Amino acid sequence: MNKKLFVLLVILMSLSLTGIIFVQVYWIKTSVDDKEEQFSRTVTDILDKVASRVEKREMKDYSDRLASLVDSIGQPKTTQFRNFLFVDRDLNSDEILFYSHGILEEDYNITSTFFDNLGGEEDTTTIKNYTSKRTKAVFKEEFGLDGKSYSLTPIQKAEKIGGLSKIDKAAWEDVFMEYAKSRPIHKRVSKQELELLLSQELQNRNINIDYEYGVYSQGYPTKVKSKKFKFSESKMYEALIFEDSEGRTNFSLLLTFPKMKKFLLESIMGMALLSLVFTLIIMVAYSSAIYQLIKQKQISEIKTDFINNMTHEFKTPIATINLAVEAIRNPKSIEDKDKVLRYLGMIKDENKRMHAQVENVLRISKLEKNQLDISKDRVDVHDIITDAIAHVDLIVGDRGGYVNAHLDAERSEILANDMHFTNVVVNVLDNAVKYSPETPKIDVFTEIVKNTIIIKIKDQGAGMSKAVLKRVFEKFYREHTGDIHNVKGHGLGLAYVKRIIEDHQGEVYAESEKGKGSTFFLKLPLI
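Remember, it's a predicted structure, so these values are computed and weren't measured experimentally.

J.: What exactly am I supposed to notice about the overall build of the protein chain here?
T.: Check the secondary structure of the protein chain and you find twelve helices and 15 strands. Residues counted as buried form 34% of the 527 residues belonging to the protein chain. Taking the intrachain contacts of the protein chain between residues at least 6 apart in sequence as the baseline, contacts between residues at least 24 apart amount to 68%. Total accessible area computed for the protein chain in this model is approximately 33400 Å², and 54% of it derives from carbon and sulfur atoms.

Next comes the structure, spelled out in structure tokens:
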């Protein structure tokens with residue numbers, strides 16, 4: 001994949017994911033705001049209803065007390081009756097309308113002591129009862145055939161006896177409101193009544209949340225409030241209570257919810273969690289996709305590098321074989337048996353070299369597919385190390401270096417495959433030789449830790465950085481210096497080492513510091 005296209009794809013996917021997260025956060029915030037607004041409207045309606053019920057209860061108390069006093073007195077002290085009469089005649093329909101309204105006034109001589117002497121002085125105000133009687137009748141004028149006889153035929157008649165009109169009733173209530181203003185607020189409404197009404201209204205609207213309330217007079221607290229109520233303008237709902245006929249009052253009923261935010265969040269928690277889960281799934285899928293893209297890009301680069309290295313590795317032996325063949329075909333050289341044998345040896349060595357490279361690749365492929373049959377027998381680790389050192393001793397000696405063995409382990413028998421385990425030690429030693437820019441100086445140690453033997457191969461070569469150390473056992477991975485490898489290879493040796501050691505129920509790891517050499521540890525269980 002083109003690098004610019006890859007970067008563009010990552011940017012677009014990142015922007016999409018950021019947009020999805022932003023939309024989810026915005027949706028949750030909007031839902032909380034909507035719930036809060038709906039909650040506020042509901043609570044305001046509850047407060048208005050509670051205030052109205054308290055006012056109606058107070059008015060009913062006065063009315064009931066008045067009715068009980070009237071019943072106790074019995075007959076009124078004075079009685080007056082006033083009657084209003086209205087007559088109208090419609091010439092078009094020959095109908096006559098009779099309407100009468102009689103008002104009965106009964107004076108019970110109940111003074112203002114009914115109001116608990118709220119005025120503080122003797123008062124001569126009396127309470128009167130009014131009853132109205134309304135009568136409506138419509139008659140039809142009818143004349144005889146002779147034109148002399150005349151009669152009125154009733155075609156509609158209605159009679160209603162009841163209380164006063166709405167205007168008179170409003171005047172009656174206004175009187176009581178004025179007197180009620182003089183009473184202390186804690187005598188007009190109790191904490192128990194407010195708690196009962198508020199709990200009922202909240203429960204009716206499925207609002208199960210702790211609340212605090214208080215009645216304030218012109219901004220100052222009264223005795224009517226809950227124990228934990230605190231004045232807070234930002235989280236407080238208010239409704240006027242005990243309004244007079246002109247809508248004025250000194251009292252406000254305040255309500256707060258200490259855990260309102262938690263309640264609102266819990267109301268949308270189900271959808272919010274579902275949204276969060278899906279968002280996390282998208283984030284995980286996105287991260288995985290980006291990781292896989294980067295991984296595939298790295299693998300693609302490593303494989304390209306591997307093919308280039310493999311081509312380079314095969315190019316030299318092929319060229320050598322071609323030159324040797326051409327030399328043998330030369331008539332002068334073919335008669336010289338020593339030269340022919342030397343050229344044939346070169347062809348054999350180069351062919352063996354290419355065969356070893358192919359075998360190495362095929363071996364790793366089989367290990368990846370678990371197709372490599374590894375039979376294990378009792379072997380001596382010290383014997384394998386000695387054999388492996390013999391494989392590289394000639395190369396090390398040619399460069400003026402050494403491989404010293406310090407085989408101090410008291411026990412050294414393990415269950416392993418002789419050939420594969422020898423290849424493991426040879427690969428690690430060969431790696432130490434290749435990455436020693438100067439004279440190779442290698443030491444091999446063995447020691448016993450509990451029931452395992454540890455093979456420690458230490459060199460004084462170039463060493464590795466921490467970043468390289470983390471990936472040194474990955475297949476095809478090789479450390480770069482710029483765009484050119486300093487050391488030839490395919491990056492398969494240490495990957496092969498790791499797979500074989502793990503197949504032997506062992507462990508392999510390394511310690512290194514740039515410029516100070518590396519140490520590889522092979523840890524295997526003893527028999």
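J.: Before we go on, may I ask you to explain the sheet that holds strand β15 (residues 518-525) in this structure?
T.: Pairing between the strands of a sheet comes from backbone hydrogen bonds, and it takes one of two forms, parallel or antiparallel. On the basis of which strands lie adjacent, the open sheet formed by five strands has the order β10-β12-β13-β15-β14 and mixed pairing. Each edge of the open sheet carries a strand with a single partner, namely β10 (402-407) and β14 (507-512). In this sheet, adjacent strand axes meet at a mean angle of 15° when their direction is disregarded. Strand direction decides the pairing type here: β10 and strand β12 (residues 441-449), joined by six bridges, are parallel.

J.: Explain a negative patch on the surface here, please?
T.: A cluster of acidic residues, Asp-377, Asp-383, Asp-387 and Asp-418, forms a negative patch on the protein surface. By the element assignment, Asp-377 lies in strand β9 (residues 377-380). The class of Asp-377 is partly exposed, set by a relative accessible area of 48%.

J.: What is the right way to look at the nonpolar core in this model?
T.: The tendency in soluble globular proteins is for nonpolar side chains to be buried as a group. Ranked by size, the top nonpolar core spans 41 residues in total, and within it Ile-414, Phe-421, Leu-429 and Val-444 carry the most contacts. Those elements that provide at least two residues to this core are α9 (381-398), β11 (413-416), α10 (418-434), β12, β13 (452-459), α12 (493-503), β14 and β15. Per element, the largest residue contribution to this core is eight residues, and it comes from α10. Those residues within four positions of Val-444 in sequence are excluded, and the remaining contacts are Ile-385, Ile-389, Val-403, Asn-404, Ala-405, His-406, Leu-429, Ile-455, Lys-456 and Ile-457.

Rules behind the numbers
Residues numbered from 1 in each chain as written. Predicted model: local features only at pLDDT ≥ 70, side-chain atom pairs only at ≥ 80, totals over all residues. Heavy atoms only, no water. Helix = DSSP H or I, 4+ residues; strand = E, 2+ residues; numbered from the N terminus. Buried < 20%, exposed > 50% of the residue type's maximum accessible area, 1.4 Å probe, protein only. Contact = heavy atoms within 4.5 Å. Areas by Shrake-Rupley, 256 points an atom, 1.4 Å probe, with all protein chains shown as cover. Pairing = 2+ DSSP bridges. Axes fitted to C-alpha atoms, helices over the stretch in contact; angles between N-to-C directions. Patch = residues over 30% accessible without salt bridge, like charges linked within 9 Å, V, L, I, M, F, W, Y side chains within 5 Å. Salt bridge = Lys/Arg side-chain N within 4 Å of Asp/Glu carboxyl O. Lys, Arg positive; Asp, Glu negative; His and termini not counted. Charge placed at Lys NZ, Arg CZ, Asp CG, Glu CD. Core = buried A, V, L, I, M, F, W, Y, C linked by side-chain atoms within 4.5 Å.

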